[in-house]
Protein chains: 2
Amino acid sequence: MSEIPYKIYLNESEMPETWYNLRADMAHKPAPLLNPATLEPMTAQELGGVFCEELVKQELDETTPYYEIPQEIRDFYKMYRPSPLVRAYCLEKKLQTPAKIYYKFEGNNTSGSHKLNSAIAQAYYAKKQGLRGVTTETGAGQWGTALSMACAYLELDCKVFMVKVSYEQKPFRREVMRTYGASVTPSPSNETQVGRKILAEHPDTTGSLGCAISEAVEVAVTNPGYRYVLGSVLNQVLLHQSVIGLEAKIAMDKYGIKPDVIIGCAGGGSNLGGLIAPFMGEKLRGEADYRIVAVEPASCPSFTRGVFAYDFCDTGNICPLAKMYTLGSSFIPSANHAGGLRFHGMSTTLSQLYHDGFMEAISVAQTDVFEAAQTFARVEGILPAPESSHAILAAMNEAIRCRESGEEKTILFGLTGTGYFDLVAYKQFNDGTMSDYIPTDEDLQISISKLPKVDK
Amino acid sequence: MSEIPYKIYLNESEMPETWYNLRADMAHKPAPLLNPATLEPMTAQELGGVFCEELVKQELDETTPYYEIPQEIRDFYKMYRPSPLVRAYCLEKKLQTPAKIYYKFEGNNTSGSHKLNSAIAQAYYAKKQGLRGVTTETGAGQWGTALSMACAYLELDCKVFMVKVSYEQKPFRREVMRTYGASVTPSPSNETQVGRKILAEHPDTTGSLGCAISEAVEVAVTNPGYRYVLGSVLNQVLLHQSVIGLEAKIAMDKYGIKPDVIIGCAGGGSNLGGLIAPFMGEKLRGEADYRIVAVEPASCPSFTRGVFAYDFCDTGNICPLAKMYTLGSSFIPSANHAGGLRFHGMSTTLSQLYHDGFMEAISVAQTDVFEAAQTFARVEGILPAPESSHAILAAMNEAIRCRESGEEKTILFGLTGTGYFDLVAYKQFNDGTMSDYIPTDEDLQISISKLPKVDK
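### Some remarks on the overall build of chain A
- A tally of helices and strands in chain A yields 18 helices and 15 strands.
- Against the 2.2 N^0.38 benchmark of 23 Å for 456 residues, chain A shows a C-alpha radius of gyration of 21 Å, consistent with a compact globule.
- Seen through its C-alpha atoms, chain A measures out along the principal axes to roughly 60 × 50 × 45 Å.
- Put simply, chain A has 456 residues, and 66% of those count as buried.
- Partitioning the intrachain contacts of chain A with sequence separation of at least 6 by distance along the chain shows that 76% fall at a separation of at least 24.

As structure tokens, then:
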């Protein structure tokens, strides 16, 4: 056994005191969000009607490399951070690989994922601005749970619009949010104008993320003292999530470990952008080199089969346009797809970095992902979230290639969360009834052909 | 903020290398298990037909104070241990108490509780003995999950009889076990003689723990290469669970913290016995004094309303008799009671200690427990298991008394697990439909009057 422990926990004094803003080191900055009405870059004032002031500042700031993490947020982080950096000794043994595999495990908190890192930050700035509460949407429920926890801690009102089909099929996620004092409304609802309109037109609809976003934004902008918050895609979210990568890097530096490959799952980019932040920073500054790999589901392959273009962030087409890798905002991943990572687009920052050749992307099929998840669970003990298991599969494949080539690569991947609320999907896998869905070229051509015409 | 961190993690080099056998320091040893046919103490040979050899030795050994933890088990422990000792700064602030509250959190593993500490030990000794597999029963499913994880790691066959009503109402627990490769059978089943007999007599039964034990034992004793394992009550389980208390004590000693009161929830005693072990040892040896408090549900009050007598450990009356605080083996806690802690009896070791005045016991009502759980979740972030929340409530009440008296007591309690699979109960609480059940004196008189007549 090596002298490197199974799990590296930083001391509280070693924990990061700043977040890192990756954009500061990018030569090509991500393209600005555009106002959907004017197609001009969104101003701070326009964004301020929807988001908190400090978060708007963070969203637009392309030059400040480090933001001090407020003491109150650091105190909250101490309740569930530092997260462990784990050496996957048992997985290495199982794969008989000379590779050294590490994972940064973000699932050891009640939200079950890394989402809490940004939820507490967004709730904190809302509280500091004197707001009464925040609104958001949630699909699978990780983000809604995280936000509920942060709001309970800060005694801030939290209103979650939960996609109706998830509200009904994931009653336990809903109960966690209610236990933390959030109000959870199935969307579409009668509480908003947009909800009533949709219900009148489609009384039997089971809802969509796009509709839930529209309802959450409407409540935020029409109720004094409320703002809207979002758990992925945005630059501010990547900023807060950089705590993942910063902790990982401090821990690795402490033991003289340098990863050759860094692997993360990618939906909207919140985890991947956070995990890679300081490593990508070194790469951008020419101080070090790393292979960085985004892993996305074959059923929603934004990077690997999408186009780099301006598109709406929501299916309802009311949100700003972002320049990103996208499958088109009308693309809806198959209901057959079990986990998250269902977003048609991608963080603008990660999109620019991918476009500029600083990272790779691969897509993987669902049944292979669950096969990897099962293997990982049995040898490493942790039951992983389906999202995280995309990264597990890619890391395992990398380690198997090392077995074949004899290379002793060091692999770091992000284990974003646990699968305790994803057991319907595990049951499908255990029963042998899970299948894969890969969109056809025709499917993608249709949704991509509907992209808005933007001459930028 | 004090210099004591929010969470104290031991370094791997500081982790205990031995388990502590509390019985070695007891002047009055717990009474021996009796053979239900002969009413004579069970011999090693008799026990060896059901349990692994090494575990029989541990079960009967009243004199060896320390057992070295085999390296393989210590390696497994490193995958999810050390568990953090957490200073509940936010709970203290919420309660405005001068008390200092610490909790030892055992929920950060996929089984969701401390049960894994003994599961891996029992599976290890089965493997070492060259057995093919183990059988067990599970009700709510924490123990079954833990055993499945341990068996997957050691590539040992694992057969779980799950009380039929739980099998149907807790499908997610069942899927976790299946994901770890265990076979999970609803009990009563057609796979055993006893199961077929019960089904013939009561075709519509939803099963009971007593019946599931009978089936698991039958499969173990009739299949070569199998033994039966149990997750609580037994001395061997308390031995393995002593790792909880040992880690807590090492962490507290490291920072010069001495608890005044130690609080744990009590069902069969696995957690409480483990948490208090080294502290109780000091108390028994006259080296230190601590108040030690067992907290049990008002719906199943073995310590506070039971009698100290020989009784069957199972409702089917096929297992050995144990001298313990018991409500009578025919006592069935109300179905209304949400969590675990449903056992009619109690660890013989803890029973003797309670009888000899070394610890206190209180009982608490279910709705108060969930009220405390909700408060705790909101300020400390962790969604606690209903079982653990009994200890939370007692610790909070102790801290509130300190606020009133001005005493700066140091309180340590065991947070045994998380409530992710208990959300049906949380929903009842959130909906205001949860109620309390407290057995009447007449109820208890009936079940206690049926105790076996044993002249020891």
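### Some remarks on the packing of helix H9 (residues 193-201) of chain B against helix H10 (residues 209-222) of chain B
Residue and element names in this part refer to chain B.
- One way to put it is that H9 packs onto H10 with a least axis distance of 8 Å and a crossing angle of 145°. In contact with Gln 193, Val 194, Gly 195 and Ile 198 of H9, H10 contributes Cys 211, Ser 214, Glu 215 and Glu 218.
- Taken together, the residues that form the contact of H9 with H10 break down as three nonpolar, three polar and two charged.

### Things to note about the sheet that holds strand E14 (residues 360-364) of chain B
All names here are of chain B.
- Within the open sheet, the seven strands sit side by side as E1-E4-E5-E15-E10-E11-E14. Their pairing is mixed. Lying at the two open borders of the sheet, with one neighbouring strand each, are strand E1 (7-8) and E14.
- Sheet topology places strand E10 (residues 261-265) next to strand E11 (residues 291-297); five bridges connect them, and they run parallel. Along E11, the bridge assignment pairs Val 261 with Arg 291.
- Where helix H12 (residues 270-284) meets the sheet, it contacts strand E5 (100-105), E10, E11 and strand E15 (410-415), and its direction lies at approximately 155° from that of E10.

### Thoughts on the environment of Val 160 of chain A
- Counting through the fold element by element, Val 160 of chain A comes out in strand E7 (residues 157-163).
- Setting aside chain neighbours within four positions, we find Val 160 of chain A in contact with Thr 136, Thr 138, Ser 148, Met 177, Ala 182, Ser 183, Val 184 and Thr 185 of chain A.

### Let's talk about the interface of chain B and chain A
- Between chain B and chain A, the residue contacts involve 45 residues of the former and 45 residues of the latter.
- Overall, the association of chain B and chain A removes approximately 4,100 Å² of surface from exposure, summing both partners, and the carbon and sulfur fraction of that is 58%.
- Of all residues in chain B, the largest losses of buried area upon contact with chain A belong to Thr 179, Arg 378 and Tyr 420 of chain B, amounting jointly to 16% of the total for that side.
- Counting across the chain B and chain A interface gives three salt bridges.

### Observations concerning the packing of aromatic side chains
- A complete count under the given rule lists 39 aromatic pairs over all chains for this structure.
- Relative to Tyr 125 of chain A, the ring of Tyr 124 of chain A lies with its centre 5.2 Å away and its plane at 70°, an arrangement referred to as edge-to-face.
- According to the relative accessible area criterion, Tyr 124 of chain A is buried, its value standing at 11%.
- Relative to Tyr 66 of chain B, the ring of Tyr 20 of chain B has its centre 5.4 Å away and its plane inclined at 40°; by these criteria the two rings are tilted.

### Looking at the packing of helix H15 (residues 366-380) of chain A against helix H16 (residues 386-405) of chain A
All names here are of chain A.
- Running from N to C, H15 and H16 point in directions that differ by 85°, and their axes come no closer than 8 Å. Here H16 runs roughly perpendicular to H15, going by the angle between their axes. Residues Asp 368, Val 369, Phe 370, Ala 372, Ala 373, Thr 375 and Phe 376 of H15 form the contact with H16, whose own contacting residues are Pro 386, Ser 389, His 390, Ile 392, Leu 393 and Met 396.
- In the contact of H15 with H16, the residues fall into nine nonpolar, three polar and one charged.

Each value, and the rule that gives it
- The residue numbers shown here count from 1 along each chain, following its written sequence.
- The lettering of chains begins at A and the numbering of ligands begins at 1, in the order of writing.
- Local features are withheld for residues below a pLDDT of 70 in this predicted model, meaning they are given only at 70 or higher, and side-chain atom pairs are given and counted only at 80 or more; totals for whole chains, interfaces and linings count all residues.
- Hydrogens are left out, water is left out, and the side-chain values use all remaining heavy atoms of the structure.
- A helix here means a DSSP run of H or I that spans at least four residues, while a strand means a run of E at least two residues long, and both kinds are numbered starting from the N terminus.
- Both definitions apply: the radius of gyration is a C-alpha atom measure, and the globule rule equals 2.2 Å times residues to the power 0.38.
- Exposure categories follow from relative accessible area, calculated using a 1.4 Å probe and restricted to protein chains: below 20% of the type maximum is buried, above 50% is exposed, and the middle band is partly exposed.
- Contacts are assigned to residue pairs with any non-hydrogen atoms lying within 4.5 Å of each other.
- Each axis is a line fitted through C-alpha atoms, and for a helix only the stretch in contact is used; angles between axes span 0 to 180 degrees, taken between their N-to-C directions.
- Side-chain classes follow a simple rule in which Ala, Val, Leu, Ile, Met, Phe, Trp, Tyr, Cys and Pro form the nonpolar group, Asp, Glu, Lys and Arg form the charged group, and the remainder, Gly included, forms the polar group.
- Pairs of strands are assigned from DSSP output, requiring at least two bridges between the strands.
- A simple way to read buried area is as the amount of 1.4 Å-probe accessible surface that goes missing from two parts once joined, with both sides added.
- Just to be clear on terms, a salt bridge is a Lys or Arg side-chain nitrogen sitting within 4 Å of an Asp or Glu carboxyl oxygen.
- Note on aromatic contacts: the rings of Phe and Tyr and the six-membered ring of Trp form a pair at centre separations within 6.5 Å, being stacked when their planes are under 30 degrees apart, edge-to-face when over 60 apart, and tilted otherwise.
- Note on terminology: angles under 35 degrees are roughly parallel, angles over 145 are roughly antiparallel, angles of 65 to 115 are roughly perpendicular, and the others are oblique.

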